[in-house]
Amino acid sequence: MQIPAPFDYVRASSVDNALELLQRHGTESRVIAGGHSLLPMMKLRLARPEWLIDINDLYELDFILRDGDTLRIGAMTRHTTLLESDEIAGIFPIVRDAESVIADPIVRNRGTIGGSLCQADPAEDLSTVCDVLGAEAVIRGPAGERILTMADFHRGPYETAVGQDELLCELRFPLRPRSSSAYEKVERRVGDWAVGAAGAAITLAADGTISDAAVGLTALGLDGTLAEAADVLRGRHPAEELFVEAGRLAAAACDPVDDQRGPVDYKRHLADELTRRVLRLACTRAAKTQEG
Amino acid sequence: MKVSMTVNGNDVTNEIEPRVLLVHYIREVLGLTGTHWGCDTSNCGTCVVLMDGQPVKSCTVLAAMAAGHDIRTVEGLASGGSLDPVQQGFMEEHGLQCGFCTSGMMLTARALLDKNPHPDATEIRQAISGQICRCTGYATIVRSVQWAAAHPAGTGVDDAPAADEVLDGTDTPVPDFATEIVDTEVKA
Ligand SMILES: Cc1cc2nc3c(=O)[nH]c(=O)nc-3n(C[C@H](O)[C@H](O)[C@H](O)COP(=O)(O)OP(=O)(O)OC[C@H]3O[C@@H](n4cnc5c(N)ncnc54)[C@H](O)[C@@H]3O)c2cc1C
Ligand code: FES
Ligand code: FES
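Rules behind the numbers
Residues numbered from 1 in each chain as written. Chains lettered and ligands numbered in written order. Predicted model: local features only at pLDDT ≥ 70, side-chain atom pairs only at ≥ 80, totals over all residues. Heavy atoms only, no water. Near = heavy atom within 4 Å. Polar contact = N/O pair within 3.5 Å; in protein donor to acceptor, adjacent residues only side chain to side chain. Areas by Shrake-Rupley, 256 points an atom, 1.4 Å probe, with all protein chains shown as cover. Helix = DSSP H or I, 4+ residues; strand = E, 2+ residues; numbered from the N terminus. Nonpolar A, V, L, I, M, F, W, Y, C, P; charged D, E, K, R; others polar. 1 Å grid on protein atoms, 1.4 Å probe; cavity = no way out; pocket = protein on both sides within 12 Å on 5 of 7 lines; lining within 4 Å. Points joined across faces, edges and corners; volume = space filled by probe spheres on them. Pairing = 2+ DSSP bridges. Axes fitted to C-alpha atoms, helices over the stretch in contact; angles between N-to-C directions. Contact = heavy atoms within 4.5 Å. Buried < 20%, exposed > 50% of the residue type's maximum accessible area, 1.4 Å probe, protein only. Salt bridge = Lys/Arg side-chain N within 4 Å of Asp/Glu carboxyl O.

Caption draft 1: The site of ligand 1, seen in detail. Residues and elements named next belong to chain A. Ligand 1 sits among 34 residues. The nearest are Val31, Ser37, Leu38, Thr112 and Asp125. Here an oxygen atom of ligand 1 sits 2.6 Å away from a polar atom, N or O, in the main chain of Val31. Asp125 places a polar side-chain atom, nitrogen or oxygen, 2.7 Å from a nitrogen atom of ligand 1. Coverage of ligand 1 by the protein amounts to 96% of the 970 Å² it exposes when considered alone. At the level of secondary structure, the elements contributing two or more residues to the shell around ligand 1 comprise β2 (29-32), α7 (113-119) and β10 (167-174). If one sorts the elements of the shell around ligand 1 by residue count, α7 sits on top with five residues. For the shell around ligand 1, the class distribution of residues is 15 nonpolar, 14 polar and five charged.

Caption draft 2: View of empty space enclosed by the protein. Residues and elements named next belong to chain A. One pass over the structure, following the stated rule, counts one cavity of 30 Å³ or more. Every residue along the wall of the largest cavity is listed here: Leu71, Ile73, Leu82, Ile88, Phe92, Val95, Ile113, Leu126, Val129, Cys130, Leu133 and Phe173. The dominant element in the lining of the largest cavity, judged by the number of residues it contributes, is helix α8 (residues 125-132), at three residues. Each residue belonging to the lining of the largest cavity can be placed in one class, and the counts come to 12 nonpolar, no polar and no charged.

Caption draft 3: View of the environment of Ser4 of chain B. Residues and elements named next belong to chain B. Mapping Ser4 onto the fold places it in strand β1 (residues 2-7). The spacing of Ser4 and Gly68 is 64 residues in sequence and 6.0 Å in space, taken between C-alpha atoms. Only 2.9 Å separates the side chain of Ser4 from the side chain of Thr13, close enough to count as a polar contact.

Caption draft 4: The arrangement of the sheet that holds strand β13 (residues 210-218) of chain A in detail. Residues and elements named next belong to chain A. One open sheet holds the three strands; their spatial order is β11-β12-β13, and the pairing between them is antiparallel. Because the sheet does not close on itself, it has two edges, and the strands there are β11 (179-187) and β13. Across the sheet, the mean angle separating the axes of adjacent strands is 10° when strand polarity is ignored. Inspection of the sheet shows strand β12 (residues 194-204) paired to β13 by eight bridges, in the antiparallel sense. Looking at β13, one finds that Leu204 is bridged to Ile210. Running over the sheet, α8 touches β11, β12 and β13 and is turned about 165° from β13. The strands touched by helix α12 (residues 264-291) within the sheet are β11, β12 and β13, with β12 carrying the most contacts at an inclination of about 30°.

Caption draft 5: Up close: the environment of Arg248 of chain A. Residues and elements named next belong to chain A. Relative to the elements of secondary structure, Arg248 occurs in helix α11 (residues 240-253). Look at Arg248 and you get partly exposed, because its relative accessible area is 45%. As for Arg248 and Gly26, which are separated by 222 residues in sequence, their C-alpha atoms are 47 Å apart.

Caption draft 6: Representation of unusual backbone geometry within the structure. Residue and element names in this part refer to chain B. One non-glycine residue with positive phi stands out, namely Ser42, at about 60°. You can see Ser42 is positioned in the loop between α1 (22-29) and β3 (48-51). Taking relative accessible area as the criterion, Ser42 reaches 9% and is therefore assigned buried. With a phi angle near 55°, His94 is a residue other than glycine that sits in the positive phi range. Here His94 is to be found in the loop between α3 (85-92) and α4 (102-115). When its relative accessible area of 46% is taken as the criterion, His94 is described as partly exposed.

Caption draft 7: Quick look at the pattern of salt bridges. Within the structure shown, the criterion is met by 28 salt bridges over all chains. Taken together, the shared-partner salt bridges in this structure form one network comprising Asp67, Arg72, Glu170 and Arg172 of chain A.

Caption draft 8: Quick peek at the sheet that holds β1 of chain B. Residues and elements named next belong to chain B. The mixed open sheet is built from five strands, whose spatial order is β2-β1-β5-β3-β4. Unpaired on one side and paired on the other, β2 (10-15) and β4 (54-57) mark the two borders of the sheet. The sheet shows a mean angle of 40° between the axes of neighbouring strands, taken without regard to direction. Taken together, the four bridges between β3 and β4 define a ladder with antiparallel strand orientation. Bridge pairing in β4 links Val49 to Val56.

In structure tokens:
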């Protein structure tokens, strides 16, 4: 039977209260959101907090809000809510692409976007989604609020810029006209973490050329987005040879590890093939927004 | 710590350690052993219960986190003396063999039908995709849920037997196929 080591439990009633509790209980305290990464780690003693601060009552962090040219998503928004949101699917189809292959429907009922980003597992699908969409993370702590780009947010596997006494409160996504996105993942079986996955976001100029592009990979050993691919795509009309070139660059730039999910050469092949596919799909989708 | 929640419509309050998982609280503290416990790793789904109407894996929820919420287990499916159409469907369509996955499957099916009363086979398969059945190959589970969708409670179609008739072992009717098997064995 897997049971976590003993700890004390307290429920936060608001963001301010959660911050106060994190300060009061110090370095051995940790917030719990959906608990679908933290509890498994606690069962295995990979995490051993002395205090768990439950933030599930912070309904103020469970929102999807269009605010001018920004889409704001609260950190406590569950995977299921993100998957089912037609508004998000319309603006950022990459979110539904990714959410439909994150874990399984029951895990998705609990897991949150904030927990996913803070867990920062290299196979976390939403990290790539946030990278390619150019999201910003809104973090609150004793010193107030700070807003970080994804490049500053990520610190490496299982590590982010969120301090022990801080809370990730929301993600902000810039809304751009004539833009679209896509995600594709290869998994060993339904509900599993990625063997490899790729995400892309594309913005077209009025003349139909690519004005901006971002490509990211999941579980394949690439930090952030692939600048070389964006350089190849920018200023050109979407075309198969560009996607092929971007795929080649992705395969060369990534640094996958050999593990039970597959050998390195296979994973490089995935980086190549999946990059082409998501670029193709994102460009087709972006062109449709232009027609409409 | 003290936790209070509603389980199958009853208010319960207990003194527990914060580290007690909801599945163990339900099985060991409340004695409701219809909720099963398998992989411990949020993979098999045999521990699924409904929390505020949504299926959750109770091995990955602390009982403390469920406090104040509404929990429904397989024991709470039958109501007013009648089986839930999902339970009836699993009987009609042989949705189980060993029964280990069944309580979780039925609760997910209930939640699915509450949200989408007429799911197609793909939607049913997706809904149960976080749950493993090692016996049926899933085909009969899908048919069971379809049966339930076609016979919603209160329509009076194929009146379900009273719950106590079925759940109380003494009155359980022995299905024909079972007698046939027994007979064959005796003859052999
Ligand atoms: C069987 C299974 C399969 C899965 N498959 C996938 C998959 O294919 N792809 C995928 O991307 N994920 C997968 N996951 C992970 C899932 O998405 C988790 O829900 C997610 O990683 C963590 O979200 P959570 O809300 O449960 O976080 P928790 O487990 O509650 O927390 C995770 C970490 O983040 C911290 N944290 C949480 N919220 C905040 C906040 N607002 N501010 C600061 N710190 C915070 C916690 O302290 C903890 O350290 C899977 C999980 C399981 C159990
Ligand atoms: S025991 Fe909970 S998912 Fe297997
Ligand atoms: S009936 Fe045996 S595991 Fe499903």
